[in-house]
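Chain and residue survey
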Amino acid sequence: MTDTQTRIDRRPFASLGHANHGWLDARHHFSFASYHDPKRMGWGAIRVWNDDVIAPQSGFPPHPHRDMEIITYVRTGAITHQDSLGNKGRTAAGDVQVMSAGSGVRHAEYNLEDEPTTIFQIWIEPTTSGGEPSWGARPFPKGDRSGKLTVLASGFAEDDGALPIRAEARVLAATLAPGETVTHTVGAGRHAYLVPAVGTVTIDGEPVNARDGAALSAGTYTITASEAAEIVLVDAH
């Protein structure tokens, strides 16, 4: 096995957990609900990465969470959020919402559109438990992250403009033209997970197709688009 293969654990889309509920067609990068794989219980503080297709005029009814940072990256369509704090908002394709569940919150996520909505829902374990729950959303125009990794959500104060989360983690994204390259360094003791929302990339020469996952250990990686691509990357403690 090469050094690249030991640092990059590629998880092909076809190998992901799968549950089709009719209104929801979900793929699970990590163990979730009825999908259980002891080798895929999480990656560092990254506990859940679900690839969801939500049918029109349907969605997740109110349900509780606590002690989890929940990031929703909208790929197509839009998601409408409601919670027990009185927050309500519509997050459209390319935009991001974050909910810090803290000591406990109930929320619902609906696709009120006339087309399917596709999202990545990412759960990161917080650095500390408890605290007041919160919710926020903001647009991140894809043109603003053309050719570079842009921080969408972060637990680090220096990341101005990113949505705040209560974890030593960053959620980043980039849109890449064919042949375009970005690099990312995963620090010692940290874990990163990368999924192309669209297109195929190579990571140090290893191909990663759309909606595949790649778990990255410590090191510096060169990410090159084989075709027009949109990538999402989480770097966590």
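A brief look at the structure comes next. Since this is a predicted model, take the numbers as computed values, not measurements. (Residues numbered from 1 in each chain as written. Predicted model: local features only at pLDDT ≥ 70, side-chain atom pairs only at ≥ 80, totals over all residues. Heavy atoms only, no water.)

**Some points on the side chain of H29**
- Tracing the sequence through the fold places H29 in the loop between β3 (24–28) and β4 (46–54).
- Here H29 falls in the buried class, since its relative accessible area comes to 0%.
- Engagement of the side chain of H29 in a polar contact is seen with the side chain of Y193, the distance being 2.7 Å.
- What H29 contacts, discounting residues up to four positions off in sequence, is R11, L16, R40, W49, Y193, V195, R211, D212 and G213. (Helix = DSSP H or I, 4+ residues; strand = E, 2+ residues; numbered from the N terminus. Buried < 20%, exposed > 50% of the residue type's maximum accessible area, 1.4 Å probe, protein only. Polar contact = N/O pair within 3.5 Å; in protein donor to acceptor, adjacent residues only side chain to side chain. Contact = heavy atoms within 4.5 Å.)

**Thoughts on the layout of surface pockets**
- Looking at the largest pocket, its volume works out to about 270 Å³.
- In terms of lining, the largest pocket is formed by 20 residues, of which the most central are L24, H28, F32, N50 and F60.
- Elements with a contribution of two residues or more to the lining of the largest pocket: β2 (17–20), β3, β4, β5 (58–65), β10 (105–111) and β11 (117–124).
- When its residues are assigned to classes, the lining of the largest pocket shows nine nonpolar, nine polar and two charged. (1 Å grid on protein atoms, 1.4 Å probe; cavity = no way out; pocket = protein on both sides within 12 Å on 5 of 7 lines; lining within 4 Å. Points joined across faces, edges and corners; volume = space filled by probe spheres on them. Nonpolar A, V, L, I, M, F, W, Y, C, P; charged D, E, K, R; others polar.)

**Points about the packing of aromatic side chains**
- Taken as a whole and assessed by the stated rule, the structure comprises six aromatic pairs.
- Taking the centre distance of 5.7 Å and the plane angle of 65° together, the rings of W49 and F120 count as edge-to-face. Placement of the pair is W49 in strand β4 and F120 in strand β11, with a sequence separation of 71 residues. Residue W49 shares its accessibility class with F120, and that shared class is buried.
- Their ring planes at 50° and their centres at 5.4 Å tell us that W49 and Y193 sit as a pair that is tilted. One end of the pair, W49, is in strand β4; the other, Y193, is in strand β17 (residues 191–198), with 144 residues separating them in the sequence. For the pair W49 and Y193, a shared accessibility class is recorded, and that class is buried.
- Taken together, F30, W49, Y73, F120 and Y193 form an aromatic cluster joined through their ring pairs. (Phe/Tyr/Trp six-rings, centres within 6.5 Å; stacked < 30°, edge-to-face > 60°.)

**Section: the nonpolar core**
- Of all hydrophobic cores here, the largest spans 28 residues; its most connected members are W49, I71, I124, V171, Y193 and V234.
- Residue assignment for this core shows that the elements contributing at least two residues are β4, β6 (69–76), β9 (96–100), β11, β13 (150–154), β15 (169–176), β17 and β22 (229–236).
- Contact partners of I124, with chain neighbours within four places excluded, come to A45, M68, E69, I71, I165, A167, A169, V171 and V234.
- Core analysis: the next-biggest nonpolar cluster, separate from the first, contains 19 residues, L176, V186, A225 and A229 among them. (Core = buried A, V, L, I, M, F, W, Y, C linked by side-chain atoms within 4.5 Å.)

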